[in-house]
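Breakdown of the fold
The lines below spell out each chain.
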Amino acid sequence: MNKFTALMGTVAALAMPFAANAQSFSGNANGSSGYADLEQTLRVTCDVTFDGTVTSSTTIAISSPDIAMGDFNCIFVVPQGTWSAATVPGDATKVDITMGANTVANDPCYGTVRGDWNNSTKVLTITNQTLPPIDPSGNICTIHDASISIPNLNLS
């Protein structure tokens, strides 16, 4: 065996785990519910619900997002923009969520945050992540803690 053949065999062996680690969603995100501890100018803990459809093996279109009473001031917090979820290649414990909120200060934020996914409990947890303001002169939104149960979703 020449050095080139040996090298190519090593490269192929190293590449195999990456192909085997392609992550994919199955099921749906219907009946998702939980809470989010959010802060911009005021810190509030709000209830969050949504449904969602797996549109490809790596994406979910989130429909009907709702931010509702938890703390009283949640009445002023509403979803912003189109929400979605995506797999993180090579990691079945992470999910990227694109989402937004118009806050108590009427200073909307929108962007993508990374959460921790537990396939056994079907819970997505987001800790200490920020969403950028839509208006560049606005304030960021901080998600101190969020926990969303997505009972019909699998990530493998």
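It should be emphasised that the depicted structure is a prediction, and the values quoted were computed from it without experimental measurement. (Residues numbered from 1 in each chain as written. Predicted model: local features only at pLDDT ≥ 70, side-chain atom pairs only at ≥ 80, totals over all residues. Heavy atoms only, no water.)

1. A look at the packing of aromatic side chains
Overall, the coordinates contain 1 aromatic pair when judged by the stated rule. Centre to centre, the rings of Phe50 and Trp83 are 6.4 Å apart; their planes meet at 65°, and the pair counts as edge-to-face. Here the residue Phe50 occupies a position in strand E3 (residues 43-56), and Trp83 occupies one in strand E6 (residues 83-88), the gap between them amounting to 33 residues. Of the two residues, Phe50 and Trp83, neither departs from the other in class, the shared state being buried. (Phe/Tyr/Trp six-rings, centres within 6.5 Å; stacked < 30°, edge-to-face > 60°. Helix = DSSP H or I, 4+ residues; strand = E, 2+ residues; numbered from the N terminus. Buried < 20%, exposed > 50% of the residue type's maximum accessible area, 1.4 Å probe, protein only.)

2. Focus: the pattern of salt bridges
Inspection of the entire model under this criterion finds 3 salt bridges. Between Arg43 and Asp37 there is a salt bridge, with its nearest N and O atoms 2.7 Å apart. Given the relative accessible area of 45%, Arg43 is considered partly exposed. (Salt bridge = Lys/Arg side-chain N within 4 Å of Asp/Glu carboxyl O.)

3. Re the environment of Thr82
Structurally, Thr82 is set in the loop between strand E5 (78-79) and E6. Judged by its relative accessible area of 60%, Thr82 falls in the exposed class. The spacing of Thr82 and Thr98 is 16 residues in sequence and 7.6 Å in space, taken between C-alpha atoms.

4. A few points about the pairing of strand E10 (residues 141-149)
By the bridge criterion, 7 bridges tie strand E2 (residues 32-39) to E10 in an arrangement that is antiparallel. Each bridged residue has a counterpart across the sheet, and for Ala36 the counterpart in E10 is Ala146. Relative to E10, strand E9 (residues 123-131) runs antiparallel, the two sharing 8 bridges. Within E10, the residue paired with Gln129 across the bridge is Ile143. (Pairing = 2+ DSSP bridges.)

5. Regarding the pairing of E2
Bridge analysis of E2 against E3 gives 8 bridges, and the strand direction is antiparallel. Paired with Tyr35 across the two strands is Asp47, which belongs to E3. Counting the residues in the hairpin turn of E2 and E3 gives 3 residues.

6. Focus on the side chain of Asp96
As for its placement among the helices and strands, Asp96 is situated in strand E7 (residues 91-102). Since its relative accessible area comes to 16%, Asp96 is described here as buried. A distance of 2.7 Å separates polar atoms of two side chains, one belonging to Asp96 and the other to Arg114. Here Asp96 is in contact with Ser84, Ala85, Ala86, Val88, Thr112, Val113 and Arg114, once residues within four sequence places are set aside. (Polar contact = N/O pair within 3.5 Å; in protein donor to acceptor, adjacent residues only side chain to side chain. Contact = heavy atoms within 4.5 Å.)

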